[in-house]
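# Coordinate analysis (summary)
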Amino acid sequence: MSEEVIKTEGLTKVFNKHLTAVDHVSFSVTHGEIFGFLGPNGAGKTTTINMLITILKPTEGKASVLGFDIAKQNNNVRNVIGVVPQEYTADEDLTGLENILLCADMYGISRKVAKERAQDLLNLVELTDFKDKKVQTFSGGMRRRLELACGLVNRPKVLFLDEPTLGLDVQTRTATWNYIRKLKKEYGMTLFMTTHYLEEADALCDRVAIIDHGKIVVIGPPEDLKHGLGGDLITLSIKEDVDVAESIQKIEHVKDVKKDNGSYRIKAEYGEITAPLIIEALRKKGHTVTKLSLTEPTLNEVYLEYTGKSMRDAEESREAFAAQRMAMRRAHQ
Amino acid sequence: MSEANGNSKSRLHGLWALTNRELKKWYKAPVIFLLSIIQPILWMGLLGKAMNVGAIFSGSSIPMPQINPPLTLPQLQQLGSYFAGLQSNIMQGAFNTTDYFSFMSVGMIAFTALFTTMFSGMSVVWDRRLGFLNKALSTPVSRAVIIFSKVLSATLRSIFQAGLIIVIAVAFGLQFGPNFNLLNILGVFAILFLICVGLSSVFIAITIRSTRIETPMAVVNLINLPLMFASNAFFPTKFMPDWLQAIAKVNPLTYTTDAVRQLLIFNTDWAQLAVDFTYVGIFAVVAATIGIVLSWRFLTK
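The structure presented is a predicted model; accordingly, all values stated were derived computationally and were not measured. Every chain is numbered on its own, with residues counted from 1 as its sequence reads. Chain letters and ligand numbers both follow the written order, the letters beginning at A and the numbers at 1. For a predicted model such as this one, the threshold for reporting local features is a pLDDT of at least 70, and the threshold for listing and counting side-chain atom pairs is 80 or more; totals across whole chains, interfaces and linings nevertheless cover every residue.

### Here we look at the overall build of chain B
The helix and strand tally for chain B stands at 12 helices and 0 strands. Listing every helix and strand of chain B by position from the N terminus yields α-α-α-α-α-α-α-α-α-α-α-α. The principal-axis extent of the C-alpha atoms belonging to chain B is close to 100 × 40 × 40 Å. The burial label depends on the number of other C-beta atoms within 10 Å of a residue's C-beta. Counts of 20 or more mean buried, 12 or fewer mean exposed, and intermediate counts mean partly exposed, with C-beta atoms placed from the backbone. Relative to its full complement of 301 residues, chain B shows a buried share of 40%. Within chain B, counting contacts between residues at least 6 apart in sequence, those at least 24 apart form 82% of the total. Secondary structure elements are defined from DSSP: runs of H or I of at least 4 residues count as helices, runs of E of at least 2 residues count as strands, and each element is numbered from the N terminus. Two residues qualify as being in contact provided that their C-beta atoms, derived from the backbone, are within 7 Å of each other.

### A few points about helix α11 (residues 252–264) of chain B
In this analysis, the expected span of each helix is defined as 1.5 Å times one less than the number of residues it contains. Helix length check: α11(B) (13 residues) gives 18 Å between terminal C-alpha atoms against 18 Å at 1.5 Å per residue, within 8%. Counted residue by residue, α11(B) has 13 buried out of 13 residues, so it is predominantly covered.

### Quick notes on the nonpolar core
As used here, a nonpolar core is made of buried Ala, Val, Leu, Ile, Met, Phe, Trp, Tyr and Cys residues. They are joined through C-beta atoms within 7 Å. Ranked by internal contacts, the top residues of the largest apolar core, which has 146 residues, are A:Val65, A:Ile100, A:Ala149, A:Val153, A:Val158, A:Phe160 and B:Ile195. Counting 12 residues, the second largest nonpolar core, distinct from the first, contains A:Ile234, A:Leu236, A:Ile266 and A:Ala275.

### Section: the pairing of strand β7 (residues 158–162) of chain A
Residues and elements named next belong to chain A. Taking burial as the measure, the 5 residues of β7 include 5 buried ones, the bulk of the element. Residues Val158, Phe160 and Asp162 line one face of β7 and the alternating positions Leu159 and Leu161 line the opposite face, and both faces are buried. Think of it this way: DSSP has to see at least two bridges between two strands before they count as a pair. In this sheet, β7 lies alongside strand β6 (residues 81–84) in parallel orientation, the contact comprising 4 bridges. The partner of Ile81 across the bridge, within β7, is Val158. Of the pairings in the sheet, the one linking β7 to strand β8 (residues 190–195) comprises 5 bridges and is parallel in character. Opposite Leu159, over in β8, you have Leu191 as the bridge partner. Seen with its strands pointing away from the viewer, a crossover is right-handed when the path leading from the first strand over the helix to the second is clockwise. Remark: the β7/helix α6 (residues 170–187)/β8 crossover connection has right-handed handedness.

### Thoughts on the domain arrangement of chain A
As assigned here, chain A comprises domain 1 (4–221) and domain 2 (230–296). Domain start and end points were adopted from an automatic or database domain assignment. Between the C-alpha centres of domain 1 of chain A and domain 2 of chain A the distance comes to 43 Å.

### Description of the interface of chain A and chain B
Taken together, the contacts link 29 residues of chain A with 31 residues of chain B. Sorting the residues of the side of chain A that touches chain B by element identifies α2 (74–80), α3 (96–106) and α13 (318–332) of chain A as the ones contributing at least two each. By the convention adopted, Pro, Cys, Tyr, Trp, Phe, Met, Ile, Leu, Val and Ala count as nonpolar, Lys, Arg, Asp and Glu as charged, and the other residues, Gly among them, as polar. When the residues that make up the side of chain A that touches chain B are grouped by side-chain class, the tally is 11 nonpolar, 10 polar and 8 charged.

### Description of unusual backbone geometry
All names here are of chain A. Residues other than glycine seldom take positive phi values, yet His24 does so here, at roughly 45°. Look at Arg155: it is not a glycine, yet its phi comes out positive at around 45°. As for its placement among the helices and strands, Arg155 is situated in the loop between α5 (140–151) and β7. Assessed through the 17 C-beta atoms surrounding it within 10 Å, Arg155 is described here as partly exposed.

### Some thoughts on the domain arrangement of chain B
All names here are of chain B. When its domains are assigned, chain B resolves into domain 1 (14–51 + 97–298) and domain 2 (52–95). Taking only C-alpha atoms into account, the centre of domain 1 sits 39 Å from that of domain 2. Taken together, the 8 residues of domain 1 in the interface contact 8 residues of domain 2. Split into classes, the residues belonging to the side of domain 1 that touches domain 2 amount to 4 nonpolar, 2 polar and 2 charged.

### Here's the deal with the sheet that holds β8(A)
All names here are of chain A. Here 6 strands make up an open sheet; going across it, the order is β6-β7-β8-β3-β9-β10 and the pairing mixed. Since the sheet does not close on itself, it has two edges, and those belong to β6 and β10 (215–220), each with one partner. Averaged over all adjacent pairs, the angle separating strand axes in this sheet is 15°, with direction ignored. Under this scheme, a helix contributes an axis fitted over its contacting stretch, all axes are lines through C-alpha atoms, and angles between N-to-C directions fall in the 0 to 180 degree range. Together, β3 (34–38), β7, β8 and β9 (207–212) form the strand contacts of helix α1 (residues 45–52), whose direction differs from that of β7 by roughly 150°.

### Regarding the sheet that holds strand β13 (residues 263–268) of chain A
Residues and elements named next belong to chain A. Overall, antiparallel pairing links the 4 strands, which are arranged β12-β13-β11-β14 in an open sheet. Here the strands that pair on one side only, and so sit at the sheet edges, are β12 (254–260) and β14 (289–295). The mean inter-strand angle of the sheet, taken between neighbouring strand axes irrespective of direction, is 20°. Bridge count between strand β11 (residues 232–238) and β13: 5 bridges; the pairing is antiparallel. Each residue of the ladder has a partner; that of Thr235, found in β13, is Arg265.

### Observations concerning the packing of helix α5 (residues 100–129) of chain B against helix α9 (residues 214–229) of chain B
Residue and element names in this part refer to chain B. Contact geometry of α5 with α9 gives a least axis separation of 11 Å together with a crossing angle of 170°. It follows that α5 is roughly antiparallel to α9 by the angle criterion. Judged by residue contacts, Phe111, Leu114, Met118, Gly121, Met122 and Val125 of α5 engage Pro216, Val220, Asn224, Leu227 and Met228 from α9. Roughly parallel here means an angle under 35 degrees, roughly antiparallel means over 145, roughly perpendicular means 65 to 115, and every remaining angle is called oblique.

### Points about the pairing of strand β1 (residues 4–15) of chain A
All names here are of chain A. Here β1 runs beside strand β2 (residues 19–30); their pairing, made up of 8 bridges, is antiparallel. Within β2, the residue paired with Phe15 across the bridge is Leu19. Following β1, the chain reverses through 3 residues before pairing antiparallel with β2; Asn16 in that reversal takes a positive phi of roughly 55°. As paired elements, β1 and strand β4 (residues 60–65) share 5 bridges and run antiparallel to each other. Of the residues in β4, the one forming a bridge with Thr8 is Ala63.

Written out as C-alpha cells, the structure reads:
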C-alpha cells in the first residue's frame, strides 16, 4: 500500500513578481521512502522545502503533508515534521543538550519527556560525550549531527533534510548517510531531502526528482532513471578534426551518438563489447582514437540527458547563480 | 493529535525557553555580564559626578564684586550664606531636588532600558542571518511568542540593571525622596516593564524584515540619542526651546523618567505619577500590538 505523505500540485513560488524560483511543481512522496530533490544550486530545491515546512508561502498551487494543507493547516504540519536546515542553526552559546531541549520546548514537549528523548538522540548521533560542551567548540560534522538530533526531537513522521552533507568532508558525509539510513530503518520515517551531490542521491534515495530552473525534469527511482538511458556510455575523442558521428552510428549496438566539445558521447548496449568495435571501425577509416572511456550510467548522465548540460557545468555558472541569489535576498527584504 | 506526540501545549509554550535562551547569552557570558554592570557605573560617574551642576550655583563659584567701601567680614558671611541658600533654591526649582547626581542617576534607568531593548531588536537580525529564526518558524511555536521572548528578555535584563543602578547610586550618594519606601522600587520595576515592552516592540518592528545588521543599526542610531536627549533624563524639559519641549512631551522616556523620579527622589506628585503610568502603559500596549501584528504578517522566511 502506498500512502501519500507529501503531495504537491502546481506548487509555485515567484519572488519579487518576476523571479520564478519554483515553477508549477507537482509530485508525491509515499510513506516510508527517502525522496531526493536533486539539482544544481539555485534550481529551487530549498525554496520548495521552505514552502513544505511552512516558512514560505507559495505564490500559487497547493501542497499537503500527511493530509494537512501547508497554507491553511500550517500548525498541524509543523507538529508532525522535523526539519534539518542547510545552515547550522544551533545556538553557539548553548551546549548540545541545551539546544536539543530548546527545540523540544518549541514543540511544547514536557521537560521530562524531552530529557529522555534528548538522551536517546544524543546516543543516536554519538554526541553524548559532548552534550555539555558549547556548540561553538563543535566541528562541522558534530554540528550537522546535532541538527539531526534537534530535527528528530518531536518524533516527526516526515523529516526534511536540506543539503544534509553540504560542506562536509568525505568521511563525515558517509557517516551522515549511515545516520540517515538508520533513521529510516529505526523510526520508519518518510524522508524528503535535497542535495546537489549526485552520488548522494544515488546512494540514499528510493526515488529522486531532478529539478532544474524550478521545474521537475524527471522523476523516478535512480536505478530506473539510469536504465532508462538505455545502456552504457562511451566517450571518445579522435585525432582528426572530422565528424565521424554518422559512421559510429552504423556500428552494432550503438543507439545514439552526440558530439560534445570535440568528443563523442556514444550510448550503447554492451559497452565493453561495442567499444573495441568502434575503435576497429574508426581505424579502418584511417582515424586514430586518442581517448576512450567507458562508463555505466550514473545520475550525472541522467541529469545530462534531461537538462542538456552536465551537473558540473551547471554548477560552474556560479556567477549567474550568485546574481540570482542576491536578487532573491533583495526580494525578501 | 499532539497528545500522540507527547506534546502538551498552551498557546504560550516555548516562551520561557526562548526567553531563557536570550538571557543565557547574557548571564552565562562573564564579559558581557560584567560590561552591562560597568556601563551604568561609568555613565553615572561621568555624567552624574563630572557634571557637578549644583557646584555652579554655589557661593564659591560666584566671584564677589569689588565694592567700595569693602564689605565687612560679617557682611561677606551674610552674602555667602545667602548664595548658599540660593543654590539649593535654584536646584530645587530646576531639578525638583537639591542634588543633581540623584536627578541624573535615576535618569540612567531609562537610558539603560533604551540601550538594552535596542540590542534585543538587533538579535532578531542575527537569528535571521544564522538560520535560527527559520528553525523556530518551522516549529509549532507561536510567532508572537518568538517576538515576545525577545521583549521579555530585554525587560528582565533592564529590570536587573535598574535594580543595580539604584544600589550603585545609593552607594554614590543618591538621596531618596521624603515618601520613599521599598514598595516604590516595585513601582519602578512596573514602569520599566511597560517602557521595555513598548521600546523593544518598536525596535523589533524596525528589524523584523531585515537581513542585514547595518540598516536597522543606522536607523536605531539615528533615533536613539535624540530620543534620549529630547527627554528629561539628564535635564529638565522646562528649560528646553519650545520645539524640543514638544518632542519631549510625546517622548515616552520623559514619562518613564518622571515616574521613576516621582517614586524615588521627588516629593511624590501622585496625579503626575498616574499620568506617567497611563501614558507609558498606552505606549506599551500600542507598540506591543503593532509588534505582534507585524510578527503574524511578516515573520516569515
